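Structural overview for review
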There are 2 protein chains.
Amino acid sequence: MNRRCGKQTVALDTPVYVISYAAVAGVKEGEGPLRDSFDLIVKDDKMAERTWELAESAFVKKAVQLTLDKAGLKNTDIDYVLSGDLQNQCAAAHYGLRDTGIPFFGLYGACSTMTESISLGALLVASGFTKNTLCVTSSHFCSAEKQYRNPLEYGGQRTPTAQWTVTAAGGMILSSIGSGARITSITTGRIVDKGISDITNMGAAMAPAALDTITAHFKDTGRTPTDYDLILTGDLGVVGSDILCELAARDGFDITSKHDDCGRMIYDIENQDVHAGGSGCGCCASVLCSHIMNALEAGKYKRILVAATGALMNPVTVQQGETIPAIAHAIVIER
Amino acid sequence: MNRRCGKQTVALDTPVYVISYAAVAGVKEGEGPLRDSFDLIVKDDKMAERTWELAESAFVKKAVQLTLDKAGLKNTDIDYVLSGDLQNQCAAAHYGLRDTGIPFFGLYGACSTMTESISLGALLVASGFTKNTLCVTSSHFCSAEKQYRNPLEYGGQRTPTAQWTVTAAGGMILSSIGSGARITSITTGRIVDKGISDITNMGAAMAPAALDTITAHFKDTGRTPTDYDLILTGDLGVVGSDILCELAARDGFDITSKHDDCGRMIYDIENQDVHAGGSGCGCCASVLCSHIMNALEAGKYKRILVAATGALMNPVTVQQGETIPAIAHAIVIER
């Protein structure tokens, strides 16, 4: 029986299987430590498109195609696609999915979008409204940096806390019929704003949101960090991860030995000049839908908590003096 | 028993009641034909805020408060809030809902967001995952025009096909327990792009998407326009409404006598200098959550089909030469 636990969590006893997943990575990501895990590493981040925006859409298309292919499914086998990205108006999703003909729910959760889409997708599958639902998100360094921070040509100096927007896309198909890895609970985040206004320190803006959702998850379920083989955040990076672990310790629970972060895993932080690590919707999407799911399938993990984190940062309001709200959505995957 | 009908529709036999709704309208909207229907008409579109962006957030806050008050509920009685808006990164929703503490799913469906949120909200309520879910969307002429078209101070000449972004917000609470009006089915839209690239003709971009979803609804359910007392679109305006009716007639079904459009209803088109009518997420939200729901409650309508339409327009990609994808999400409300 599916049931709400506490205020933010739903436990899914109805099976929601991960029947397929795939990740497409950019050139720099393909040179990082996870290079052997991705389904495809592109040769050119521009994907033979005219613009960076369309290039990101091409990543979305590729991720969708690979995820379908690995499941042996066609577009017409998918009841819903849930997707969003960092481009204004989620343009990468819209242009990337324009020709699929799949009923579409557009989401915006900044870098939390992958677990937002899996959360809603899992609820829809568990409810019996759909057999197969596809979740896909993306980000692209070149479309994101020009929109959120500086024109690429400006060549601005990056601060030590800055993160590198990941060029990648990841897709996952959730199904009521299958075997293996399952989504077993979801904890939906609340908007948290602790007053950070530095657009080059997303980790600090997001860490309190990650803490809020992870804390809610433990409170709602009665579990502790020891119940998980891995507590994975989306893109806190080095700075945000340290803040999260410190805040958690202050609240009386130690997650240090269980925690890792996709933004820290996807690059060789010391040698790839990414400062505080990776970020973007495509960061959690591509790491989860490759390295992490592979490890689950291989039996390395039995139960993991994944909390993608989003800085809901709007450059206009931040320039106007506002602080940056953030959110984190958590899912549990078990095998 | 809830069931999928055809490819895009879910019929909800589990009751999903509309237990509350409220609309907050701007000054111009309060001077229009629906002035007696709104719960609140503000005296100042800037809502005593420093910026237009925060003013729109204030509309969201007000709509949430009124919707809760009318139901006699508090924030803590709401399991999920589903919201989005037209500002980049959905900033109006994030700043407007930042202090609520309600688990939040952020959506982006451009002007289709109100029925997208009601669609997902209804599925969540019908599945038993939530008792009360709040759906809220907004738009603001001043935050939208500067972002999508011209700086307000530019005073540009508006084309005859241009629509006027509605300054308003509307909220609705869906619940598993209640009486009266119910959401009885949802038809989820697909992305449709017929090659329109004129950012001052959103009606033409959206009409084919409205047709696609309405046609799917009739096909999936076996119903015809005669089964409805009203077929309401979100913000096609005068131009888009004419195109929709013409396209429908060409496809062999006549909706002219049943169709109306929130963008045509909210203003006195002849006398309020709005050219082709109203648009924006707040258009469908404020008209549906006032005039239309009042008419349902009063018994004027027994069954209506509401298809909010969204032009998924990204100014950057359009400037790069891309066309404008669109989508429409339909819901059926019965009393």
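Residues numbered from 1 in each chain as written. Chains lettered and ligands numbered in written order. Predicted model: local features only at pLDDT ≥ 70, side-chain atom pairs only at ≥ 80, totals over all residues.

1. Notes on the overall build of chain A
Cut-off, in case you're wondering: Per the convention used, a helix needs a DSSP run of H or I reaching at least four residues, while a strand needs a run of E reaching at least two, with both numbered from the N terminus. Here the radius of gyration uses the C-alpha set of atoms, whereas the globule reference equals 2.2 Å times the residue count to the power 0.38. Note on burial: count the other C-beta atoms lying within 10 Å of the residue's C-beta; 20 or more is buried, 12 or fewer is exposed, in between is partly exposed, and C-beta positions come from the backbone. Throughout, a residue-residue contact means that the two C-beta atoms, derived from backbone geometry, are no farther apart than 7 Å.
When helices and strands are counted, chain A shows ten helices and 15 strands. The C-alpha atoms of chain A give a radius of gyration of 18 Å, which matches the 20 Å a tight globule of 335 residues would have. Over its C-alpha atoms, taken along the principal directions, chain A stretches across nearly 55 × 50 × 35 Å. A burial count over chain A gives 64% of its 335 residues as buried. In chain A, of all internal contacts separated by at least 6 residues, the share reaching a separation of at least 24 is 79%.

2. Re the nonpolar core
Spelled out, the test is: Here, a nonpolar core denotes buried Ala, Val, Leu, Ile, Met, Phe, Trp, Tyr and Cys residues that are linked to one another through C-beta atoms within 7 Å.
Counting 247 residues, the largest nonpolar core has Ala122(A) and Ala122(B) as its most contacted members. Filtering out sequence-adjacent residues up to four positions away, Ala122(A) remains in contact with Leu12(A), Val16(A), Leu174(A), Ile183(A), Ile186(A) and Ile331(A).

3. Topic: unusual backbone geometry
Across residues other than glycine, the phi torsion is negative in most instances, and most of the peptide bonds are trans. Residues and elements named next belong to chain A. Residue Cys 90 is not a glycine yet carries a positive backbone phi of 50 degrees. Here Cys 90 shows up in the loop between strand 5 (80–85) and helix 3 (91–97). Taking the number of C-beta atoms within 10 Å as the measure of exposure, Cys 90 has 30 and is therefore buried. Unlike most non-glycine residues, Asp 273 shows phi in positive territory, near 55 degrees.

4. Here's the deal with the interface of chain A and chain B
Let me state the cut-off plainly: Three residue categories are used. Nonpolar comprises Ala, Val, Leu, Ile, Met, Phe, Trp, Tyr, Cys and Pro, charged comprises Asp, Glu, Lys and Arg, and polar comprises the others, including Gly.
On the chain B side, the residues contacting the 48 residues of chain A number 48 residues. Counting only elements with at least two residues in the side of chain A that touches chain B, the list comes to strand 5, helix 3, strand 6 (104–106), helix 4 (113–126) and helix 10 (315–319) of chain A. Of the residues contributing to the side of chain A that touches chain B, the split by class is 23 nonpolar, 18 polar and seven charged.

5. A look at the packing of helix 6 (residues 202–221) of chain B against helix 7 (residues 237–250) of chain B
All names here are of chain B. Short version of the rule: Whenever a helix is involved, its axis is fitted only over the stretch in contact; in every case the axis is a line through C-alpha atoms, and angles between N-to-C directions fall within 0 to 180 degrees. Each crossing is labelled by how the near helix is turned from the far one, with a counterclockwise turn of less than a right angle marking it left-handed and a clockwise turn marking it right-handed.
For the pair helix 6 and helix 7, the least separation of the axes is 8 Å and the interaxial angle reads 35 degrees. By crossing handedness, the relation of helix 6 to helix 7 is classed as right-handed. Contacts from Gly 203, Ala 204, Met 206, Ala 207, Pro 208, Ala 210 and Leu 211 of helix 6 reach helix 7 at Gly 237, Val 239, Gly 240, Ile 243, Leu 244, Leu 247 and Ala 248. Classifying every residue of the contact of helix 6 with helix 7 by side-chain character gives eleven nonpolar, three polar and no charged.

6. Focus: the relation of the copies chain A and chain B
Copy one and copy two of the chain differ by a rotation about a common axis and a shift along it. Put simply, the rule is: Here the copies were fitted onto each other by least squares, based on C-alpha atoms from residues at pLDDT of at least 70 in both.
Taken as rigid bodies, chain A and chain B are interconverted by a rotation of 180 degrees and an axial shift of 0.0 Å, the fit giving an RMSD of 0.0 Å. Given the turn and translation reported, the copies of this chain are related as if by a two-fold rotation axis. Of every C-alpha in chain A, the one belonging to Leu107(A) sits nearest the axis of rotation, 2.1 Å from it. Comparing interface residues between copies, 100% of those in chain A also sit at the interface in chain B, which points to an isologous, same-surface contact.

7. Structural notes on helix 7 of chain B
Residue and element names in this part refer to chain B. The criterion, for reference: One fewer than the residue count of a helix, multiplied by 1.5 Å, yields its expected span.
When the terminal C-alpha atoms of helix 7 are compared, their 20 Å separation across 14 residues agrees well with the 20 Å that a helix rising 1.5 Å per residue should span. Inspection of helix 7 places Gly 237, Val 239, Gly 240, Ser 241, Ile 243, Leu 244, Cys 245 and Ala 248 among the buried residues, and these make up the whole buried set. Where helix 7 is buried, its residues touch helix 6, strand 11 (230–233), strand 12 (259–261), helix 8 (262–265) and strand 13 (278–279). With its phi angle positive at about 95 degrees, Gly 252 sits one or two positions after the end of helix 7.

8. Some points on the environment of Leu97(A)
You can see Leu97(A) is positioned in helix 3. Linking Leu97(A) and Val81(A), residues 16 residues apart in sequence, is a C-alpha distance of 8.7 Å. Contact partners of Leu97(A), with chain neighbours within four places excluded, come to Val60(A), Val81(A), Ser83(A), Ile102(A), Phe104(A) and Ile191(B).

9. A closer look at the domain arrangement of chain A
Residues and elements named next belong to chain A. Convention followed: A domain assignment, automatic or from a database, supplies the domain bounds used here.
In terms of domain boundaries, chain A breaks down into domain 1 (3–175) and domain 2 (182–334). One C-alpha centre belongs to domain 1, the other to domain 2, and the line joining them spans 17 Å. At the interface, 60 residues of domain 1 touch 63 residues of domain 2. Along the lines of polarity and charge, the residues of the side of domain 1 that touches domain 2 split into 32 nonpolar, 20 polar and eight charged.

10. A short note on the confidence of the model for chain A
We count it as follows: Confidence scores per residue from the predictor, reported as pLDDT, run from 0 to 100.
Confidence along chain A averages 97 in pLDDT terms, with 100% of residues attaining 70 or more. Scored by ipTM, the complex comes to 0.98, with pTM at 0.98.

11. Points about helix 2 (residues 52–71) of chain A
Residues and elements named next belong to chain A. The end-to-end C-alpha distance of helix 2, which contains 20 residues, comes to 29 Å, matching closely the 28 Å that a straight helix rising 1.5 Å per residue would cover. For helix 2, the buried fraction is high: 16 of the 20 residues fall into the buried class. Backbone geometry just after helix 2 places Gly 72 at a positive phi near 65 degrees.

12. So, the pairing of strand 11 (residues 230–233) of chain A
All names here are of chain A. Selection rule: When DSSP finds at least two bridges between two strands, those strands are taken to pair. Here, the term right-handed applies to a crossover whose path from the first strand over the helix to the second runs clockwise when the strands point away from the viewer.
The sheet contact formed by strand 11 and strand 14 (residues 303–311) spans four bridges and is parallel. Across the sheet, the residue bridging to Ile 231 is Leu 305, located in strand 14. Where strand 11 meets strand 12 (residues 259–261), three bridges bridge the pair, whose relative direction is parallel. In the strand pairing of strand 12, Thr 233 is matched with Asp 261. You can see the chain leave strand 11, run along helix 7 (residues 237–250) and come back into strand 12, and the turn it takes is right-handed.

13. Overview of the pairing of strand 5 of chain A
Residues and elements named next belong to chain A. With six of its six residues buried, strand 5 lies for the most part within the structure. Of the two faces of strand 5, both are covered, the one formed by Tyr 80, Leu 82 and Gly 84 as well as the one formed by Val 81, Ser 83 and Asp 85. Bridge analysis of strand 5 against strand 7 (residues 132–139) gives six bridges, and the strand direction is parallel. Its bridge partner lying in strand 7, Tyr 80 is registered against Thr 133. The pairing of strand 5 with strand 6 spans three bridges and is parallel. Across the sheet, residue Ser 83 finds its bridge partner in strand 6, namely Gly 106. For the segment spanning strand 5, helix 3 and strand 6, crossover handedness is right-handed.

14. A short note on the environment of Ile199(A)
Residue and element names in this part refer to chain A. Inspection of the secondary structure puts Ile 199 in the loop between strand 10 (182–187) and helix 6 (202–221). A residue is classified by how many C-beta atoms lie within 10 Å of it, and Ile 199, with 18 of them, is partly exposed. The sequence separation of Ile 199 and Tyr 148 amounts to 51 residues, and the corresponding C-alpha distance is 8.3 Å.

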